[in-house]
Structures are given as C-alpha cells and as structure tokens.
Amino acid sequence: MRSDEWRKKEMNPVTRSIGLTFPAVRRALCPAPRLVSGGQVIEDVPEGSGSPPLTGQASLYVHWPYCLRRCPYCNFNKYIPREDNHRIMTECLQREAETLLQLSQASSITSVFFGGGTPSLAHPSTIAGILETVSRQVNLPDEAEVTLEVNPTPAAMSKLKDYCRAGVNRFSIGVQSLQDDDLKILGRDHSSLQALRTIEEAQRLCPGRVSVDVMFGRPKQSVESWEEELSELLRVCDDHVSLYQLTLERGTQMFKMVQRGEVTVPAEDVTAEMYQCARRTLHQKGFLQYEVSNFARNNAASHHNVSYWKGRQYIGIGPGAHGRFLPLGEGGVSREARTQTLEPDMWIREVRQNGHGTRRRVQLSHLELLEEVLVMGMRMTEGIDHKHWEVFSPQMGLHEVFGASTDVQELLQSGQLILDERGLRCSWDGLALLDSILPSLLVELQTQILQGPQRDHSADAQPLKTSNLQ
C-alpha cells in the first residue's frame, strides 16, 4: 500500500488527509473502467454469503523499501541501505511471494505493482526473478499489467529497457515538479530536464502505458505558476497523470521547516483552486478523471489501482506491505487484512525463518469490509453501482443503507452526492470534498449495518495470533 496508488499504492499523499478521523478510512487508504483480463471483464462474485467467492484473481503489490535519500516531505516506509543487499532482498521477496501465494486462494495474478521506496534502484534481475516466481506459483497472463515506479534519474533511465525485458510493461514516473528550484526544496535527486528525458524514453519503450506523478501545493507555488507548469507537462506526458497534494506530515523535515517559518506553503483555499484548475486543464486536454487523483485518456487507467478501488483481493509482499485476501484452510469466507513487518532487516530475518514477514493478521468483519468498499469505491468518479455493492452487501442495498439518512439527504440536495438508478457517487463538485462527505456515509453505514438483521457478532474482526501463522 503505495501503493498510483494513495498510495497509489499503499500510501497516497493526496488522500491521507481523509483518514484522520475514521479508522475505516485509514485502513482502506493504506496504501485503484473495470479490470479486464484477456479481453474479458472479470465479474464481481460475492465473498461469503453462500455464493462462491472471487478467490481466483488477485493483484500483487511489491514493496522495495530503499531510497538513496529521504525527501524532506516524505514519511513513507523507506530506508537508506547500509550495504548492497540486492541478492538477499531478491531472495526474500521471491520467498515471501511464494509463501503468500500458496496461503491465498489465488490462481491468477491480474496485475503487479512495484512500489517503494525507490524500486528503480532494484536490479532488473530482481524484477524478473519475482515475476518468474509468481508465474511458477499461479497464472500470470501475458497481458497482465506490470508497473514499476521510477525516479527519473539518468541511472534509472538507463535501466528502463532492461526493466521491460524483465517483464515491466508500464512505468509510473515520479516527476513531482518541472521547476528545478522546487525539486531542490523537495529534496529530489533529479532535474526537470532529466525528468523530461525519462518520460520520453519510457514512452518510446511503453507507448500509452506511462504515468507521471506531479505534486501541487508546494512552497511558494501559485495557481498561475501551477497552471503553466501543468500545461508544459501535458505537452510531453503520455496518457496517465496522477496528482498529489503536498501534505505536511509530522516528523518530516518539511513539517519542521514550515513550523519554524523557514518555508511557507499555499493556504488551503489556494490548494483547492489548484486542484480544480488541474481538473479543468486535464479535461480540456482529453484526460478523463476516473478517481480523486488520477486522470487518463485512451483507456489508460491503471488496472492495478482500479483493483484496489473496486475492493478486489490483493497480496502485499516486502517490508511494510499491506494485503487483503482470503486465506486457504480457514473457511474461505472472511477476508484478512495482512501487514508485513516494517523494518527491512527484521523482515528479512522473519522471511528466512518463516517464509514470510507477516506481522499482523486481522479477519475483517462484514462491517469493516463494507467500510473499505465504501471508502475506496467513492474515490472513483463512477462511484459504486448497485450490482457492485450487492456483491458485498446482498441483504441491504445502497438505497436501504443511505436513502433515509438526514445527512445524506442534505448532501443529495446540495448536489454534492448522487444516489440514483446507477448507484452512489460524488458529483463533480462533491468529489473535491470527498474527505468531508465520507464521515457522514460511514456513520450511516455503521448505524444501518449494526442494527440490521444480518448482523453477525461472530464475524467481528479479531487479531489472529501471529505465532500460528502458516
């Protein structure tokens, strides 16, 4: 959990602010049209509730924890390597992938995402080795999306062709800014020219399958300078753009610098206008917003991230990775949330000893699963359709859960929220206010499910003893 991830991936800078109040929001944000495999739409199938669960397909997230330096704004799970341990990391990532795939009920991996950290520091042989391990355990279709996050340095650019040979077919490039002064403030180790050259090379190798990350709300940034920068980026970028707002996280160097008055960041109303400006500009250039922070044209939406936002199973390997899947041998009807050990050296010891580094397992209750489906699904512009909700809540539909709520009715009447024959979703204006809408929806969901006839006290989430992990 990255994570295009907010994480893209397991942790996403734009959406972390949504999870400050509600535990369910924090869980679901750990840390993405409908997923297509082999040209066929994979239909949702209920988990539990007497119907055969969709256990055959899963996505795989691989966390590479190392960076050459720690950016002053970043609080992700990353470490500066003390020695060259690529061989050890490769062996442990392969072993953990093998173990967790065997513990899951997955028979096919529909997408793989290499996040971090800086996974473009990994040797291409590491990427190839992990993909080979996956393909030995389960089906990894030739058309499966395999994404690698890339820091646009000359060293990373020189390896792009080798990454493609290893099996990568999509790149997510951390451009962040096209202003060299801002890149220095952000602690990035690349220049704007290097970023542009990396984009160009990535597009040559994977045309139509290159995403760029760009950050707004940076120190001293204005709406006007942001609009000019975004226009420049859109002249050279491919078919996918991810927007991230700079978030001041406690404990980071950037947070301390702002607290001391050494740097200033734009006010909240300014960053809100920056977001709206970006949405308008991207729309004018043919990009469709399909999620809070993600935009695509020519059907270039990230299949991996869509799998997150659709509430599908995913397996996380590597230090600090998160996963959500149905384990074998435990009834096969309750999804588990798994978290891997954070610190790489400890994780390596545990993988060598146990075959995996899972530190915590929690069986998700019906309510917790619905909370995650709600939080993630509402991030998409299409929202949650009735059929998708019924997969996870066959006894209480969207109208039954949310239709009678006074707070929800106010959101509907204000035009921020839409509940109709298609399903539940935010309006164009409402999507920008998602963090203020979700609490009302979560409260109503909790109220209705806890009072509903299908309440199952035995399904309450309880931590499972890690000493019994298989």
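Because the structure is a prediction, the values reported are computed rather than measured.

## Examining the packing of aromatic side chains
Link 1 in the chain: In this structure the tally under the stated criterion is 7 aromatic pairs.
Link 2 in the chain: Here F216 and Y275 contribute two aromatic rings whose centre-to-centre distance is 6.4 Å and whose plane-to-plane angle is 25°, an arrangement assigned as stacked. One end of the pair, F216, is in strand 7 (residues 210–216); the other, Y275, is in helix 10 (residues 268–284), and 59 residues separate them in sequence.
Link 3 in the chain: Given a relative accessible area of 1%, F216 falls into the buried group.
Link 4 in the chain: With relative accessibility at 9%, the residue Y275 sits in the buried group.
Link 5 in the chain: Ring-pair connections join several aromatic residues into one group, and the members of that group are F216, W226 and Y275.

## Describing unusual backbone geometry
Leaving glycine aside, a negative phi is the common case for residues, and trans is the common case for peptide bonds.
Link 1 in the chain: A cis amide bond links G116 to the next residue, G117, at an omega of 25°.
Link 2 in the chain: The residue K220 is not glycine, and still its phi comes out positive at about 65°.
Link 3 in the chain: Position of K220 relative to the elements: it lies in the loop between strand 7 and helix 8 (223–234).
Link 4 in the chain: The phi torsion at N299 lies on the positive side, around 60°, for a residue other than glycine.
Link 5 in the chain: Here N299 lies in the loop between strand 10 (294–296) and helix 11 (303–309).

Rules used in this analysis
- Residues numbered from 1 in each chain as written.
- Predicted model: local features only at pLDDT ≥ 70, side-chain atom pairs only at ≥ 80, totals over all residues.
- Heavy atoms only, no water.
- Phe/Tyr/Trp six-rings, centres within 6.5 Å; stacked < 30°, edge-to-face > 60°.
- Helix = DSSP H or I, 4+ residues; strand = E, 2+ residues; numbered from the N terminus.
- Buried < 20%, exposed > 50% of the residue type's maximum accessible area, 1.4 Å probe, protein only.

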